[in-house]
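Given next are the chains, with one letter for each unit.
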Amino acid sequence: MGRQKKEDGTARKPELVKGAARAIDLFEVFARTKRPLTLTELSRLADMPVSSLHALVRTLQDAGYVYSLDSRRIYPTRRLGDIGVEISAHDPILERILPCLEALRDATGETILLGKRQKDRIVYLSVIEGNQIVRYNAEVGETRPLAVSAIGKAILGSMSVRELDAALSMVDFEAVTPQTITDRDTLVAYLARGQERGYFVTRGEYAADVMSVATSFTVNGENAGFAIAGPLARLDPREADLAAHLLETREAILEACSTGRSA
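A quick note: this is a predicted structure, and the numbers were derived from the prediction, not measured.

Undergrad: Before we move on, can you summarise the overall build of the chain with the specific residues and values?
TA: Helix and strand content of the chain: 10 helices and nine strands. When each of the 263 residues of the chain is scored for burial, the buried share is 40%. Considering only contacts in the chain between residues 6 or more positions apart, those separated by 24 or more positions represent 53%.

Dropping the structure here:
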């Protein structure tokens, strides 16, 4: 069964703990604006009542996550960033495979994405930007529809028949672009072809001018996928070469993780 719809036909967003969601919104506003803000500005940019924002800011200030520059403006401290660095440094997936993904970026010149399934979507765990002037851009934490993204297809392609049936029952099969696969049988046949060659390709399914080549791997029972992404016009003629680099990197990741050392 697909995601529930609201009366206006749009998809419902996952239920979030209000306080946590508002704290995230606050930090994302600072990330966008890159400057100290007053409560009034924060209220407008975060679409949050000043009364609720005042309590949230006081809580974050007491915990050391924001500070006051003067009587009116506030800005985050480095505490959140420092904690993030410590967490990322010991990520059970990234710790060993990041050097492999960086080597793949260097070999191809394109952006490398690492993602994991979260229900009916893929969440990016790492984004290593390519060195091309025109390149694919994304941010860690962004999500993509499971059946539309190349990483999502790679993860779907690694599933058993029973697992795949359960996963596809959550998919809406809505068109994001004219190239999006919107039929279950067509997608299943596509996944079978990808299984045979060991990698999965999307051409303009999420963004019309973007192509991705992806595969998946399982380490300690955790399944994840990674992709090479970039402009369709540049990647399409290089598919075979990119796929070869992708599969070599997959073997390097599995070797690094099986030997218990960094790649």
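After that view, the rundown keeps rolling.
Undergrad: Give a description of the pattern of salt bridges that names residues and reports values.
TA: Taken as a whole, this structure holds 12 salt bridges when the rule is applied. For the salt bridge of E142 with R144, the shortest nitrogen-to-oxygen distance reads 2.9 Å. For R144, a relative accessible area of 9% gives the class buried. In this structure, K153 engages E205 in a salt bridge whose closest nitrogen and oxygen atoms are separated by 3.0 Å. With K153 in helix α6 (residues 150-157) and E205 in the loop between β7 (200-203) and β8 (210-219), this residue pair connects regions lying 52 residues apart in the sequence.

Undergrad: Give a detailed account of the sheet that holds strand β1 (residues 37-38), specifying residues and quantitative values.
TA: In spatial order, the strands read β1-β3-β2; together these three strands make up an open sheet with antiparallel pairing. Among the strands making up the open sheet, the edge pair consists of β1 and β2 (66-68).

Undergrad: Give a detailed account of the packing of helix α1 (residues 18-33) against helix α2 (residues 39-46), specifying residues and quantitative values.
TA: Between two packed helices, what matters for the description is the angle formed by their axes and the separation of those axes. Where α1 contacts α2, the two axes come as close as 10 Å, and the packing angle between them is 100°. Considering their axes alone, α1 and α2 lie roughly perpendicular with respect to each other. Here L26, V29, F30, R32 and T33 of α1 come into contact with α2, specifically with L42, L45 and A46. Tallied by class, the residues present in the contact of α1 with α2 amount to six nonpolar, one polar and one charged.

Undergrad: Please set out the sheet that holds strand β5 (residues 121-128) residue by residue, giving values where relevant.
TA: The six strands lie next to each other as β6-β5-β4-β9-β8-β7, forming an open sheet whose pairing is antiparallel. This sheet does not close on itself; its edge strands, each paired only once, are β6 (143-145) and β7. Pairwise comparison of adjacent strand axes, ignoring direction, gives a mean angle of 30° for this sheet. In this structure, strand β4 (residues 111-118) lies alongside β5, joined through seven bridges in antiparallel fashion. Bridge pairing links L114 to S126 in β5. Relative to the sheet, α6 contacts β4, β5, β7, β8 and β9 (222-231), its axis offset from that of β8 by approximately 40°.

Undergrad: Give me the packing of aromatic side chains: which residues, what numbers.
TA: Within this structure, the stated rule accounts for two aromatic pairs. Taken together, a centroid distance of 5.5 Å and an interplanar angle of 80° make the contact between F30 and Y75 edge-to-face. Taken as a pair, F30 in helix α1 and Y75 in strand β3 (residues 73-76) lie far apart in primary sequence, 45 residues in all. Relative accessible area serves as the criterion here: at 3%, F30 is assigned to the buried category. Y75 sits in the partly exposed class, given a relative accessible area of 27%. Judged by centre distance (6.1 Å) and plane angle (55°), the rings of F217 and F226 are tilted.

The rules behind the values
Residues numbered from 1 in each chain as written. Predicted model: local features only at pLDDT ≥ 70, side-chain atom pairs only at ≥ 80, totals over all residues. Heavy atoms only, no water. Helix = DSSP H or I, 4+ residues; strand = E, 2+ residues; numbered from the N terminus. Buried < 20%, exposed > 50% of the residue type's maximum accessible area, 1.4 Å probe, protein only. Contact = heavy atoms within 4.5 Å. Salt bridge = Lys/Arg side-chain N within 4 Å of Asp/Glu carboxyl O. Pairing = 2+ DSSP bridges. Axes fitted to C-alpha atoms, helices over the stretch in contact; angles between N-to-C directions. Parallel < 35°, antiparallel > 145°, perpendicular 65-115°, else oblique. Nonpolar A, V, L, I, M, F, W, Y, C, P; charged D, E, K, R; others polar. Phe/Tyr/Trp six-rings, centres within 6.5 Å; stacked < 30°, edge-to-face > 60°.

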